[in-house]
Amino acid sequence: MNFRPLHDRVVVRRLDSEERTAGGIIIPDSAQEKPSEGEVVAVGAGARDEDGKLVELDVLAGDRVLFGKWSGTEATIDGEELLIMKESDIMGIIEIKKRAKKAA
């Protein structure tokens, strides 16, 4: 089944959080918080402005994003738990850059 969100809606797959703290303590599943980081799976065509013109979304499928803890509506599509939210619920896009090596 294919799912295409409408308007300014975005489908996000939560990314798994770390099961271990920086100090090496293992966190059981029951104590872990749901991660607020995810990967955009699909995006709608965009919202309409006051003049009726289509305003495209800033996020694209494949983007890694941060969103609010209680954002979105959980939905199961093809057996996978996904979140459907408005683009305004997304706080930002995570851009992964490779660190440049310092000159010696």
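Residues numbered from 1 in each chain as written. Predicted model: local features only at pLDDT ≥ 70, side-chain atom pairs only at ≥ 80, totals over all residues. Heavy atoms only, no water.

A.B. asks: Could you give me a rundown of the environment of I94, with the residues and numbers involved?
C.D. replies: On the secondary structure map, I94 appears in strand β8 (residues 90–94). In this structure the C-alpha to C-alpha distance between I94 and R64, which are 30 residues apart in sequence, comes to 5.4 Å. If near-sequence neighbours (up to four positions away) are discounted, I94 is found in contact with E37, R64, V65 and L66. (Helix = DSSP H or I, 4+ residues; strand = E, 2+ residues; numbered from the N terminus. Contact = heavy atoms within 4.5 Å.)

A.B. asks: Describe in detail the side chain of D63, supporting the description with residues and values.
C.D. replies: Relative to the assigned elements, D63 resides in the loop between β4 (54–55) and β5 (64–67). R64 provides the closest opposite charge to the buried, salt-bridge-free D63, at an N-O distance of 10 Å. Among all residues touching D63, those that are not within four sequence positions of it are G38, E39, V40, D58 and I93. (Buried < 20%, exposed > 50% of the residue type's maximum accessible area, 1.4 Å probe, protein only. Lys, Arg positive; Asp, Glu negative; His and termini not counted. Salt bridge = Lys/Arg side-chain N within 4 Å of Asp/Glu carboxyl O.)

A.B. asks: Outline the nonpolar core, listing residues and values.
C.D. replies: One finds V10, V12, V40, L57, V59, V65, F67, L83, M85 and I90 forming the largest nonpolar core, which totals 10 residues. Every element with two or more residues in this core is listed here: β1 (9–14), β5 and β7 (80–86). Beyond its immediate chain neighbours, meaning those up to four positions away, V10 contacts P5, V40, A42, V43, L57, V59, L83, I84, M85, E87 and I90. V11, A42, L82 and I84 belong to the second-largest nonpolar core, a separate cluster that totals 5 residues. (Core = buried A, V, L, I, M, F, W, Y, C linked by side-chain atoms within 4.5 Å.)

A.B. asks: Just give me the short version of the pattern of salt bridges, but keep the residues and values in it.
C.D. replies: Where side chains of opposite charge bring their charged atoms close, a pairing between them can arise. In total, this model carries 6 salt bridges according to the counting rule given. K86 is paired through a salt bridge with D8; the nearest N and O atoms lie 3.8 Å apart. You can see K86 sitting in strand β7 and its partner D8 sitting in the segment before β1, a full 78 residues away along the chain. The exposure class assigned to D8 is buried, which follows from its relative accessible area of 16%. In this structure, R13 and E39 form a salt bridge, with 3.5 Å as the shortest nitrogen-oxygen distance. Highlighted residues: R13 in strand β1 and E39 in strand β2 (residues 37–43), separated in sequence by 26 residues. Among the residues examined, E39 registers a relative accessible area of 29% and is labelled partly exposed. A single salt-bridge network, built from bridges that share partners, covers D8, R9 and K86.

A.B. asks: Could you give me a rundown of the sheet that holds β2, with the residues and numbers involved?
C.D. replies: The strands making up a sheet associate through backbone hydrogen bonding, with each pair oriented either parallel or antiparallel. Sheet architecture is open: 6 strands sit in the order β6-β7-β1-β2-β5-β8, paired in antiparallel fashion. If you trace the sheet from one side to the other, it starts and ends with β6 (73–77) and β8, each paired once. Here the average twist between neighbouring strands, direction ignored, is 45 degrees. Of the strand pairs in this sheet, β1 and β2 are connected by 5 bridges, and their pairing is antiparallel. By the bridge assignment, V10 is partnered in β2 with V43. (Pairing = 2+ DSSP bridges. Axes fitted to C-alpha atoms, helices over the stretch in contact; angles between N-to-C directions.)

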